[in-house]
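Observations on the three-dimensional arrangement
Single-letter residue listing:
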Amino acid sequence: MSFSSLIGQDTAIAALKAAINRDAVPQAYLFVGSEGVGKTTAAIEFSKALCCKRPSPDGDPCDSCVNCNRINANEHPDFTRIAPEGDFTRIWQLWSRSGHPTGALETLSFAPVAAPRRIYLLERAETLNDESANSLLKALEEPPRYVNFILCAPSPSAVLPTILSRCQMVRFRQVPAEAIARTVAERKGVSLAEARMLAAYSEGGPGRAIRLADATELRDQRASLLDLAEKIARSPGIAAFRLAEELRNGAKPAKPKKGEDADAGEEKSGRGDLARSLDVLSAWYSDLLAISLRGGDAPLIHEDRRTAIQSAASRYRLEQLTENAETLAKFRRYLTRNANAQLATEALMLKLTPKKV
Ligand SMILES: [Zn+2]
């Protein structure tokens, strides 16, 4: 791996390399961008570049010296990754507390032992609770000269303004779906059609698409949800009760996989299983809309289901397809505010079944 393993982040990488080449690396960075766009990968590559014994003239790490290898393996004594425990990054993860003797920042005042720098990577800094965020402030304000912090968060507003003001921000952008699809096809050996579908579900994050390619449970789950979507198109409104039950069953959490990427935050936490199901249904209705508006040759997310999509589209009036897409978006928002939204799935199904006579 090197910086070149990152897709579509040339601006961010150029800024990081320029800082190294000018020997003007800020001691605290905040990498912002949505999940899976490559923030953690960039942070690891950047850490290697800072510690590498034989960096290229261009600023890339060699990826084979002892420092690069140990950072890759997350076994470097001067490189510490901090990820949330459950929903929060808690104070005892940063500073030792009774019962928790291994606060990661307790090493702050020790000079690095094997690398020229001591680096702390805080993944998902948006999960710092007030107590841990406030305790981090002092360290960010006057870090020992050999220390670098790299915080990652989905947006600048996801961290306290006081934290933001102490960090140099680097933005990671969403990557175009086609670029993601090509990368996934190449790295995972899946067909371009399948890679395009994964890209459509990745919200501009190549890392997310690659994790989806690996998550076989999620793929099975998606297949059964698409079966359900086909069934909805063939069912009268009176079947809403049964369909809702199937949706809830289809939304059962997938078992977390062993050895899954530590970066997989949201995928792993199990929250949002119903939300993920709604994403599949939304993608399905955007395919139905594509066929209705652009005809049989329209490019589809679910290319492998083209026949079923054509047949389902013919059962709906165009206006209802638009409405269904809106209904799903509304329900998705409702779900983020209401834990009991599962109960409302029957009303949802009643709305989604065809009204055409
Ligand atoms: Zn190296």
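Residues numbered from 1 in each chain as written. Predicted model: local features only at pLDDT ≥ 70, side-chain atom pairs only at ≥ 80, totals over all residues. Heavy atoms only, no water.

**Regarding the packing of helix α7 (residues 177-188) against helix α9 (residues 206-214)**
Put simply, the rule is: To get an axis, fit a line to the C-alpha atoms, keeping to the stretch in contact for a helix; angles then go from 0 to 180 degrees between the N-to-C directions. Secondary structure counts use DSSP, requiring at least four H or I residues in a row for a helix and at least two E residues in a row for a strand, with both numbered from the N terminus. Roughly parallel means an angle under 35 degrees; roughly antiparallel, over 145; roughly perpendicular, 65 to 115; everything else is oblique. Each crossing gets its hand from how the near helix is turned against the far one by less than a right angle, where anticlockwise is left-handed and clockwise is right-handed. Only heavy atoms matter for contacts: two residues are in contact if any of them lie within 4.5 Å across the pair. Here the term charged refers only to Asp, Glu, Lys and Arg, the term nonpolar to Ala, Val, Leu, Ile, Met, Phe, Trp, Tyr, Cys and Pro, and the term polar to all other amino acids, Gly among them.
Two elements in contact, α7 and α9, have axes whose closest approach is 10 Å; the angle formed by their N-to-C orientations is 40°. Classed by the angle they form, the pair α7 and α9 counts as oblique. Of the two possible hands of crossing, α7 and α9 adopt the one that is right-handed. The segment α7 lies against α9, with Ile180, Val184, Arg187 and Lys188 engaging Pro206, Ala209, Ile210, Ala213 and Asp214. Considering only residue class, the contact of α7 with α9 consists of six nonpolar, no polar and three charged.

**Things to note about the domain arrangement of the protein chain**
Definition in use: Where a domain begins and ends is set by an automatic assignment or by a domain database.
According to the domain assignment, the protein chain contains domain 1 (3-171) and domain 2 (215-352). When each unit is reduced to the centre of its C-alpha atoms, the spacing between domain 1 and domain 2 is 37 Å.

**Things to note about the pairing of strand β1 (residues 28-32)**
To keep things clear, this is the line we draw: Only protein chains enter the area calculation, which uses a 1.4 Å probe; residues under 20% of their type maximum are buried, those over 50% are exposed, and those in between are partly exposed. Strands are treated as partners if at least two bridges between them are detected by DSSP.
Of all five residues that make up β1, five are buried, and the element is covered over most of its length. By the bridge criterion, five bridges tie β1 to strand β4 (residues 147-153) in an arrangement that is parallel. In the strand pairing of β4, Phe31 is matched with Cys152. Pairing geometry for β1 and strand β5 (residues 168-171), over four bridges, is parallel. In the sheet register, Val32 faces β5, and the bridge partner there is Arg171.

**Quick notes on empty space enclosed by the protein**
Gaps between atoms show up when a probe of the same size as a water molecule is rolled over them. What counts here: A 1.4 Å probe that fits into a set of points on a 1 Å grid over the protein atoms alone but cannot get out defines a cavity; an open set with protein on both sides within 12 Å along at least five of seven lines defines a pocket, and lining residues are those with an atom within 4 Å of a point. Grid points are joined across faces, edges and corners, and a volume is the space filled by probe spheres set on the points.
Enumeration over the complete set of coordinates arrives at one cavity of 30 Å³ or more. As a volume, the largest cavity reaches approximately 150 Å³. Along the wall of the largest cavity there are 12 residues; nearest its centre are Tyr201, Leu212, Arg222, Arg276 and Val280. Put simply, the parts of the chain that give the lining of the largest cavity at least two residues each are α9, α10 (216-234) and α13 (273-294). Here the lining of the largest cavity takes four residues from α10, the largest share from any one element. Its residues assigned to classes, the lining of the largest cavity shows five nonpolar, one polar and six charged.

**A look at the sheet that holds β4**
Pairing in this open sheet of five strands is parallel, and the strands run β2-β3-β4-β1-β5 from one edge to the other. Of all strands in the sheet, those bounded by a partner on one side alone are β2 (79-82) and β5. Strand after strand, the sheet turns through a mean of 20° between neighbouring axes, direction not considered. As defined by bridge partners, β2 adjoins strand β3 (residues 118-122) across four bridges and the pair is classed as parallel. Bridge pairing in β3 places Ile82 opposite Leu122. Running at roughly 170° to β4, helix α2 (residues 39-51) makes contact with β1, β2, β3 and β4 of the sheet. In this fold helix α5 (residues 130-141) packs onto β1, β3 and β4, with an angle of close to 135° to the strand it touches most, β4.

**Some thoughts on the coordination of the zinc ion**
Put simply, the test is: Counted as donors are the N, O and S atoms within 2.8 Å of the metal, or 3.2 Å for Na, K and Ca, while water is not among the atoms, so some sites may look incomplete. Donor angles set the geometry label: tetrahedral for four donors if every angle is between 85 and 135 degrees, square planar for four and octahedral for six if opposite donors exceed 155 degrees and the others are between 65 and 115, irregular for anything else.
Every protein donor of the zinc ion is accounted for by Cys52 (SG), Cys62 (SG), Cys65 (SG) and Cys68 (SG), and the metal-donor separations fall at 2.2 to 2.4 Å. Viewed at the metal, the four donor atoms of the zinc ion are separated by angles of 101 to 118°, and the geometry they form is tetrahedral. Donor residues for the zinc ion, ordered by position in the chain, follow C-x9-C-x2-C-x2-C. Accessibility expressed as a relative area gives 3% for Cys65, which makes it buried.

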